[in-house]
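For reference, the chains in residue letters:
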Amino acid sequence: MQPLLLVLALCVAQTYALFGGSPADYNDSYDEDTGMQPPWQPEPLKPAPWQSEPQYSQPHEAIVTVPEVGHISGIKNFKTIANRPVNAFLGLRYAKVGGGLARFQAAQPIGFQGRVSATEKSPNCAQFPELDRLRDSESRGENVDDCLTLDIYAPDGASQLPVLVFVHGEMLFDGGSEEAQPDYVLEKDVLLVSINYRLAPFGFLSALSDELPGNVALSDLHLALEWLQRNLAYFGGNPDKVTLVGQAGGATLAHALSLSGRANKLFQQLILQSGTALNPYLIDEEPLETLHTFARLARCPPFHLSSHGLASIYDCLSRLSTSQLVAAFEKLLVQNEPLGLAHLGGFKLVVGDSLGYLPSHPVSMVTNGSLALPTIFGATKDASSFVISRIYDQIARLQSHNVSDFIDVVLRHTAPSRDHPKWKQWALREIFSPEQQFTASLKSVANGLLELSNYILYRAPVINTIRNRWTPAYLYIFDYRGQYHRFGHLSNPLPFGVDASLSDDSVYLFPYPPEASYLNPLDRSLSRNLVTMWVNFAATGVPNPNPGEWPQASSEYGPVLRFTNSRQNPLELDQHFGEGINVPENSLVRFKPAINSTVPTTSTTTTTTNRPYAINPYANWQIRPPQQQTWHPADPEYVRAQEARQQQFILEREQRWRQQQQRRPQQESRQQEEVPFHQQQWREGQQREQQERERQQQEQAERVRQQREREELERRQREREQEEREQREREQQEREHQEREQQEREHRERQGKGQDQQSANTPPVDDNNSWGYSTYNNEQQQREQQEREQQRREQKVQDQQERDREQREREQQEREQQLENIPEGDRQPYPSYEHFEHEDNENPSELDSAHNYKEEEDREQQRQEQLRREQQEHSEREYHLQQEREQQERTQDYQPEDRPEDYPSYEEYIKAHEAKNAERYYAEEQERERQQQEQLHQERQERPEESLPDERQAYPTYDTYDPDVNNAGKQEREEQRRDQVEQERDQKHGDDQGAEYERSHEEGTEQEGLKVEDFPSYEAYVEAETRLREKQEEAERLEDERNRAQQEEEDRVQAERQSNPPRQISQLRSLVIGPQHMKLFSRQ
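First, a word on scope: everything that follows refers to the structure included in this document. (Residues numbered from 1 in each chain as written. Predicted model: local features only at pLDDT ≥ 70, side-chain atom pairs only at ≥ 80, totals over all residues. Heavy atoms only, no water.)

Moving on: a negative patch on the surface. Judged by side-chain charge, Glu721, Glu723, Glu724 and Glu806 come together as a negatively charged surface patch. The dominant element in the negative patch, judged by the number of residues it contributes, is helix α17 (residues 674–761), at 3 residues. Relative to the elements of secondary structure, Glu724 occurs in helix α17. (Patch = residues over 30% accessible without salt bridge, like charges linked within 9 Å, V, L, I, M, F, W, Y side chains within 5 Å. Areas by Shrake-Rupley, 256 points an atom, 1.4 Å probe, with all protein chains shown as cover. Salt bridge = Lys/Arg side-chain N within 4 Å of Asp/Glu carboxyl O. Lys, Arg positive; Asp, Glu negative; His and termini not counted. Charge placed at Lys NZ, Arg CZ, Asp CG, Glu CD. Helix = DSSP H or I, 4+ residues; strand = E, 2+ residues; numbered from the N terminus.)

Here's what the structure looks like:
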């Protein structure tokens, strides 16, 4: 039993020795010198989920073993790009952040982690757009401050590939590493890395002390690059080909890190997209004032610039939660942004930080050309539109016509106060014209204000950066306006559309944001070109190997590559980065030395260095570690390098002296001629304006002449078409008339044959009775004769109108010819505005008469055109009505008749035929009597004094009725009445045409003159349009009533012509009672 227990004890001891050790502690502070470990202290916050114990790798995970980190399991085949799998390693921790006041201090490198799961994206660093997420995470006890992670995207099987390290940016208070997605970049052979760093107060809030050093974000990037330098080879990257790519604020950080000289061995090249360290918008000139405002908004006790005061603010900031600090920064941004650039801070670089990244202002540091790296500099065309959009309300509220007032508002938000006079004079000289100085309006100067802010924030910093450098530099301007903006979700209050705004070039490098990730074919083509040049630069140092397409900048202004929307040449080579305008040089910024005092504090803090009001880059020189000396003074290589550098400096100094000597006479002459130059420029501007006005007047006259010629050609074309159409209509009418006559002749022939056959089989009834067909034929001929006369009269009216119109046109052409024949010397020069106003006041009648003549001429032309259209419509309407009447008549005339073989005997056929004719004639007689009664009733209503005669005439009896006499008198009276009605109708038709012509002309004139620009507002235009439409509808209704009344009158006259009451009644009676008489006679 004892041997068995001994064996078990040995196994347990060995197992504990292998696996029973304490877990790795990220905050392990083991003292190697003493070999002792301090007492254990609990963590202030619970680790975040991504910091928990990683799971063992699955078959679909990509495993990378990094000696310094451990076994890293990423996502295998994260995406397939360019037909090859891409692996992703997400949320890799490169440093750790402590709690309390350590959130504002430099992070510590992270040690060995064992197994690391890199399959989930880590949350972004604390920022106010994600304030709700921060509060939820804090309520669950998660550590929201330990956010220093990076993402790596590598093609499967990558080896020694160049590396692009992306630093997100914008305004340094939001964003994250998810902005760099691999979909476009990894079509090429390259590794992509994206870094998370601390933002806003956690990255930049500063008291210029060790407790609040400032520029902590630069320290985070430095640690990330050190981590990559040690471990890139395990992911397939080449640590000797690292290119730092910065976007907007990220470009400012990348450039500042390169100027510091502390990380130059960690990356070899730079790509700065719309940002440099000289951007005044991202440099805090008053960090202590910013700290005071931030503390007040965070409800910390007031502090003074002393050790005890700073200790109280340190204690307050360390006790506040991360979400409370983020909320205080949001208040600072909202409250102080309207006040101007000097009052806005908490997310900007500070000069004189205790970490030593910016010991002096970047303006002075950039003159050290030895720290310069090969760089691509560039900016989008309207990068500063976001600044102008945020202050547009202040500009719009200005009640001034002085352009200087508008410039002051822009300078207050874009430039430090010491540079205001320089930029204001430059803007008045280079951007705004002398006429705008006292006639400025928001609409006229808005574009110039945008250009001014572009120069201050983005173009001038680039130009001043490369003045004193000899390393390769490439310049570009992104002027391409694609389908998406990087910040397209934000509204644009400017009175014009912007082109490429801030970070729009990043849309074509990375598919972010998601709504801008689906590029159309044109945008996708530009994206491939941009990615190719960026990757070429990362691999070879030359973005475009084709000679002459994108050469190096030979001066601070160019050459420069411009990305445009041109289909023929989307990549244009320009010679001037400043659009042909030279920007003023930056003056070196000098600071007064600070008064230093070291005061002991409590044991929980270190020695506090007080720096009131000023920036002292040498405040902590006593506690800084001595720099390692790389070169020994006795080294021959060091001596030769120093001599070469000295010779280079002497040559550059002589060259600058010669350039200054060459520029001095020009500057002196420019100063002497400054006032005359402005006067000459003003006179030249006046002359140009006069020439431009004359040119515009000539162009206007030429356009009027061409317009008249076009109208004349169109009119002639319409006349020819009208003549051809009328000719075709006449031919069609003649053919139809011939067809009708042919049909009538055939009908008469058939009817005559039927009558002959009937007269042969039946006894004669009445010599004067021919079944009414003769009367019908006569009436048909009379109608045709009247229609032909009506057409002749209409044709005569049209011919007369055409002759009048041609006469007026000839007169107009003669007047124009006389004006053209006037010699140039005899013509009066174009009058000025004052002369025109004087003549207008002295002799208004002549202008009114000329204006009225022109209006009368236009109305006459419109009246003729309207009359021509109405006549054409009337003729077409009459033609269609005639066609319908003829069709009805033919339908009635050619109804199938009964045939004799349908009856048992011919006598029954005759009886049925007579009865049918009697019924038809009786119905027609009843209809005519009804129409006569209605017409008589209408006439009595119109003339009531004639409606009731004094004496009623007695109805004639059958015995006293003489058919022949009464019929002759009746026919004569009816003929006179018809002639009178026709005369009245013709006269009324002419009057109606004239009134209709005038009315249509007035309506046409109103319609022709109704334009939106003639009204003070769109509502007034709509109201006028509504009134005009109502007037037109009323006119159409009246026209319909007149046409209806005219049609009724014509129907009545036609009915009277068809009616011959005494004769036809006697014929009808004889027709009806004829067979009975014959039967009586036969019975007798």
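Don't stop here, the text continues.
Another point: unusual backbone geometry. Tyr512 connects to Pro513 through a cis peptide bond whose omega is 0°. In this fold, Pro513 is placed in the loop between β15 (473–478) and α15 (521–540). Residues other than glycine seldom take positive phi values, yet Leu172 does so here, at roughly 65°. Along the polypeptide, Leu172 turns up in the loop between β8 (161–170) and β9 (191–195).

Here the focus is the environment of Arg412. Assignment of secondary structure puts Arg412 in helix α12 (residues 403–414). On the basis of relative accessible area, Arg412 is assigned to the partly exposed category, the value being 35%. Contacts of Arg412, omitting those with residues within four sequence positions, involve Leu339, Gly340, Leu341, Gln394 and His420. Of the polar contacts made by the side chain of Arg412, one reaches the side chain of Gln394; its length is 3.4 Å. (Buried < 20%, exposed > 50% of the residue type's maximum accessible area, 1.4 Å probe, protein only. Contact = heavy atoms within 4.5 Å. Polar contact = N/O pair within 3.5 Å; in protein donor to acceptor, adjacent residues only side chain to side chain.)

So, on to the packing of helix α2 (residues 131–139) against helix α8 (residues 322–336). The geometry of a pair of packed helices is captured by two quantities: the angle between their axes and the separation between those axes. Running from amino to carboxyl end, α2 crosses α8 at an angle of 160°, the nearest separation of the two axes being 9 Å. Put simply, α2 runs roughly antiparallel to α8. For α2 against α8, the interelement crossing comes out left-handed. The residues of α8 that touch α2, namely those facing Leu131, Leu134, Arg135 and Glu138, are Thr322, Ser323, Val326, Ala327 and Glu330. Among the residues forming the contact of α2 with α8, the class breakdown is 4 nonpolar, 2 polar and 3 charged. (Axes fitted to C-alpha atoms, helices over the stretch in contact; angles between N-to-C directions. Parallel < 35°, antiparallel > 145°, perpendicular 65-115°, else oblique. Left-handed = near helix turned anticlockwise from the far one by under 90°. Nonpolar A, V, L, I, M, F, W, Y, C, P; charged D, E, K, R; others polar.)

A few words now on the pairing of β15. Burial of β15 is extensive: 6 of the 6 residues sit out of reach of the surface. Side chains Ala473, Leu475 and Ile477 project from β15 onto one buried face, and the interleaved Tyr474, Tyr476 and Phe478 project onto a second face that is buried too. The pairing of strand β14 (residues 375–380) with β15 spans 6 bridges and is parallel. What sits directly across from Gly378, in β15, is Tyr476. Of the pairings in the sheet, the one linking β15 to strand β16 (residues 560–563) comprises 4 bridges and is parallel in character. Along β16, the bridge assignment pairs Leu475 with Val560. (Pairing = 2+ DSSP bridges.)

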